[in-house]
Amino acid sequence: MKRRAIISVSNKKGIVTFAKQLAELGVEIISTGGTKRVLAEHGIPVTSISDVTNFPEILDGRVKTLHPNIHGGLLAVRDDETHQQQLQAHNITPIDFVVVNLYPFQETIANPNVTLMEAIEQIDIGGPTMLRAAAKNHAYVTAVVDPADYDVVIEQLKQYGEVLLETRRALAAKVFRHTAAYDAMIAQYLTNVVGETYPETMTMTFVKKQSLRYGENPHQTAAFYEKPLSLPFSITKAKQLHGKELSYNNINDANAALQIVGEFTEPAAVAVKHMNPCGVGVGKTIAEAFQKAYEADPTSIFGGIVALNREVDEQTAAKLHDIFLEIVIAPSFTEQALEILKRKKSIRLLTVDFEAERKKEPFVVSVRGGLLVQDEDTYTIDDANIQVVTERQPTEEEWSNLTFAWRVVKHVKSNAIVLAKNGMTIGVGAGQMNRVGAARIAIEQAGEKAKGAVLASDAFFPMSDTVEVAAQAGVTAIIQPGGSIRDEDSIQKANEYGIAMVFTGVRHFKH
């Protein structure tokens, strides 16, 4: 019996060559609409779907393949005598190949001005139904959803006279991944339309961006995935201008650096090591900002990731070149800066669109057996209910450093303490099991620079010991959320040492 293939594709890349090769191998081609027209224009014999169903396309093409003559031909078990008798009784011919890719729903909703009705019209019904039917019956039917698989299908047909079972099974698995991702995108879009924040089922889909050499450690495998409609201001959309391929740890650290530098509108530079900032600086120029970030911790920056929120010029590039860095992220690089930095073969140079809209999105963390999903922490100092709770008010310079430190401490692993002075971090205490321990680490790092510095804490002080060690080091102002039942102890201790203390009313735990 002559083999038959249904071809209906929105992505027509390679379809003419593929269909021509199928036809040369004696496969009868059935098609619809635009695909049929393209194939016919290239001289490929093609049968209309209506000639198979004996029913016209109706409802503006919404109904054309949803017919027993199509789905009976796809779902029949070929070695089941009863199925074969039923096909003969109803004059249904088996279909051996389904070559379909779906309406461009993703491309449609990527348009910020798309209407709901325009999006709904791009929800494919017949395509996924045929694909799922063919994939279910892959013991007999070859389902092809990806143009990248055209060549292997033709090669096996020429070599073996059929597509091998293991190939059909792999193609079927790809079909179900594809249709699941397609449906997940639709579900997520409509969920957003109706304003459901935490639905009863979490449907998400990601597209593989690249395989990674290894994960967090060399003995762990890893890959990098991105959302189909990921945000422009993100590491997933970064353009790499130079250097080695990004690693798992590079991506994590680069993401952390990008989120921190995104807190600032003035020229700012951030150095990150193991997802914590080791140095942050702001200045009148990007070169000054980077110099401060470097001086904040010239030891830890070695082998780190640097993010800058202004174009990298020749002066800044010269400073960056003098240090071993894994990655430099910026909105752009001047030609002179690129010439300097590209002298190092391994350094990765990335650009990100800093002007892009920065929408809030869910923050998802994997746990064994599940996911934790929460609202993204976009709370800023401008949103805070600021209260000066001590007798002394901060000076103008202290206010500047307090707000700077508050932006940084939000991105430091809890328990977190940040010391700042002159628009730069001078001490960072991260990821400690108690707050006073984090303070001691930050103060030790700052050394003599702690005198006249300010301190930011990501959460309240459970007792006054943190104020005590800060005062002993010479800290003059503190910013913290407040909210402890022993707040008054910390306030009294600050008053005792003449420290100005500000409550924000909001903590910034980061685990």
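What counts and how
Residues numbered from 1 in each chain as written. Predicted model: local features only at pLDDT ≥ 70, side-chain atom pairs only at ≥ 80, totals over all residues. Heavy atoms only, no water. Helix = DSSP H or I, 4+ residues; strand = E, 2+ residues; numbered from the N terminus. Rg over C-alpha atoms; globule rule 2.2 N^0.38 Å. Buried < 20%, exposed > 50% of the residue type's maximum accessible area, 1.4 Å probe, protein only. Contact = heavy atoms within 4.5 Å. Areas by Shrake-Rupley, 256 points an atom, 1.4 Å probe, with all protein chains shown as cover. Lys, Arg positive; Asp, Glu negative; His and termini not counted. Charge placed at Lys NZ, Arg CZ, Asp CG, Glu CD. Salt bridge = Lys/Arg side-chain N within 4 Å of Asp/Glu carboxyl O. Patch = residues over 30% accessible without salt bridge, like charges linked within 9 Å, V, L, I, M, F, W, Y side chains within 5 Å.

Trainee: So what exactly am I meant to see when it comes to the overall build of the protein chain here?
Mentor: Broken down by element type, the protein chain carries 18 helices and 21 strands. Relative to a compact globule of 511 residues, whose C-alpha radius of gyration would be 24 Å, the protein chain shows 30 Å and is clearly more extended. Every one of the 511 residues in the protein chain was classed for burial, and the buried ones make up 47%. In the protein chain, the proportion of contacts linking residues at least 24 apart, taken out of those at least 6 apart, comes to 55%. Here the protein chain displays about 25,300 Å² of accessible surface, and carbon together with sulfur accounts for 50% of that area. The distance from the centre of the 52 positive side-chain charges to the centre of the 61 negative ones in the protein chain is 5 Å.

Trainee: I tried to follow the pattern of salt bridges on my own but got confused; where do I start?
Mentor: Oppositely charged side chains can form a pair if their charged atoms are brought close together. Enumeration according to the criterion identifies 17 salt bridges in this entry. Among the ionic contacts, a cluster of salt bridges with common partners joins Asp-146, Asp-149 and Lys-174.

Trainee: What should I look at first to understand a nonpolar patch on the surface in this one?
Mentor: On the surface, a nonpolar cluster with roughly 330 Å² of combined accessible area is contributed by Leu-116, Leu-190, Val-193 and Val-194. Of all the elements, helix H10 (residues 165-194) adds the most residues to the nonpolar patch, at 3 residues. Along the polypeptide, Val-193 turns up in helix H10.

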